[in-house]
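Listed below, chain by chain, are the residues.
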Amino acid sequence: MTVVSQNTTNVIILHSFAIAVEQLCARNPNAPSLGILRPLFCVICGQAARNEHGVLQLIGHGMYPRQVRGLTEASWIVIYIRRFLCLACGRTMSILPDWLHPWRWYAGTVIVEALYRHCVIGESACSIGALFGRPEDATEWKSLLRWRKQLLISSTLWGWLGPRLGIAKPASNRNEGKTCLERLLAEGGLILKTGVNAVEKLSDPIRKTLQDLVHNRKTAWPVKRFPPGLSSSDLQFLLRRILPTEKDSGPGPP
């Protein structure tokens, strides 16, 4: 899943667990509990979920509905996102699934499958859109072209991977889009082979690229690291706050 931390100036997303879409719908008896979803620590200030006295510092802060598109033929579905509040720094953290990309209506897995069909298989934008709930008579799909250009460039897609994967500019055509897509999928462990239709194999590698990450609108970093830009003294202070000591063996179960 993903954790999102919010205040008036910052939004943080954490991907940290896998879950089926049905489990996030309202009143589902299989929905994960508050304790299961609770982060181990605040990704901004480092405060552990429980302090040295065992008192919760990351508390439930309600839920909010989130629209998702492309996962069903009905086009739109509504899921419910759990939110937590850090009492130490006042940030809120929301838990998103590893198939839902931050700040995008369409699921991450849908975006990549659409680009695979567009850049690798060569299907038309109209036929691809119809698969994901768009009107069958639509003549174009502007979102598809934006995703192709922005895939490894935009910080609200997979832009944080672009520099490491050797991508520095937007893809201007299908061939360049295919190169970006191949590198992204390879990052998740899937090597595309010529002549092999890999549509049904796309989900797992894409979910891997979104797991255990913290996002803001500028970059992303692993959840086990602290935000970029911290000094060594800041890091040492934060580590002392969350690592167990002889007197405090760590937080108990949530």
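On a predicted model such as this, the values are computed, not experimentally measured, just so you know.

Brief notes about the overall build of the protein chain
Inference 1: Per the secondary structure count, the protein chain includes seven helices and seven strands.
Inference 2: The secondary structure elements of the protein chain, listed N-terminal to C-terminal, are β-β-α-β-β-β-α-α-α-α-α-β-β-α.
Inference 3: Once local pairs closer than 6 in sequence are excluded, the contacts in the protein chain between residues at least 24 apart make up 58%.
Inference 4: For the protein chain, the accessible area works out to roughly 13,200 Å², and carbon and sulfur atoms hold 52% of it.

Description of the confidence of the model for the protein chain
Do not read the predicted coordinates in detail wherever pLDDT is low.
Inference 1: Overall, the prediction assigns the protein chain a mean pLDDT of 78, with 75% of residues at 70 or greater.
Inference 2: Low pLDDT (under 50) marks residues 7-13, which in the prediction has 29 contacts with non-local residues, meaning those over four places away or in another chain.
Inference 3: In this model, residues 238-254 is a region of pLDDT below 50 whose contacts with residues beyond four sequence positions or in other chains number 24 contacts.

What about the packing of aromatic side chains?
Inference 1: Scanning the model with the defined rule gives three aromatic pairs in all.
Inference 2: With 5.2 Å between their ring centres and 75° between their planes, Tyr106 and Trp147 make a pair best called edge-to-face. Taken together, the residues Tyr106 in the loop between β5 (92-96) and α2 (108-121) and Trp147 in helix α4 (residues 142-150) connect sequence positions 41 residues apart.
Inference 3: The class of Trp147 is buried, set by a relative accessible area of 3%.
Inference 4: Here the aromatic rings of Trp141 and Trp147 are separated by 5.3 Å at their centres, their planes lie at 75°, and the arrangement is edge-to-face. Here Trp141 matches Trp147 in class, with each residue buried.
Inference 5: In textbook terms, an aromatic cluster arises when at least three aromatic residues are bridged by ring pairs, as seen for Tyr106, Trp141 and Trp147.

Quick word on the packing of helix α5 (residues 174-187) against helix α6 (residues 203-210)
Inference 1: Running from N to C, α5 and α6 cross one another at 75°; their axes reach a closest spacing of 8 Å. Here α6 runs roughly perpendicular to α5, going by the angle between their axes. In contact with Leu184, Leu185 and Glu187 of α5, α6 contributes Pro205, Ile206 and Thr209.
Inference 2: Among the residues making up the contact of α5 with α6, the classes are represented as four nonpolar, one polar and one charged.

The rules we used
- Residues numbered from 1 in each chain as written.
- Predicted model: local features only at pLDDT ≥ 70, side-chain atom pairs only at ≥ 80, totals over all residues.
- Heavy atoms only, no water.
- Helix = DSSP H or I, 4+ residues; strand = E, 2+ residues; numbered from the N terminus.
- Contact = heavy atoms within 4.5 Å.
- Areas by Shrake-Rupley, 256 points an atom, 1.4 Å probe, with all protein chains shown as cover.
- pLDDT = per-residue confidence, 0-100.
- Phe/Tyr/Trp six-rings, centres within 6.5 Å; stacked < 30°, edge-to-face > 60°.
- Buried < 20%, exposed > 50% of the residue type's maximum accessible area, 1.4 Å probe, protein only.
- Axes fitted to C-alpha atoms, helices over the stretch in contact; angles between N-to-C directions.
- Parallel < 35°, antiparallel > 145°, perpendicular 65-115°, else oblique.
- Nonpolar A, V, L, I, M, F, W, Y, C, P; charged D, E, K, R; others polar.

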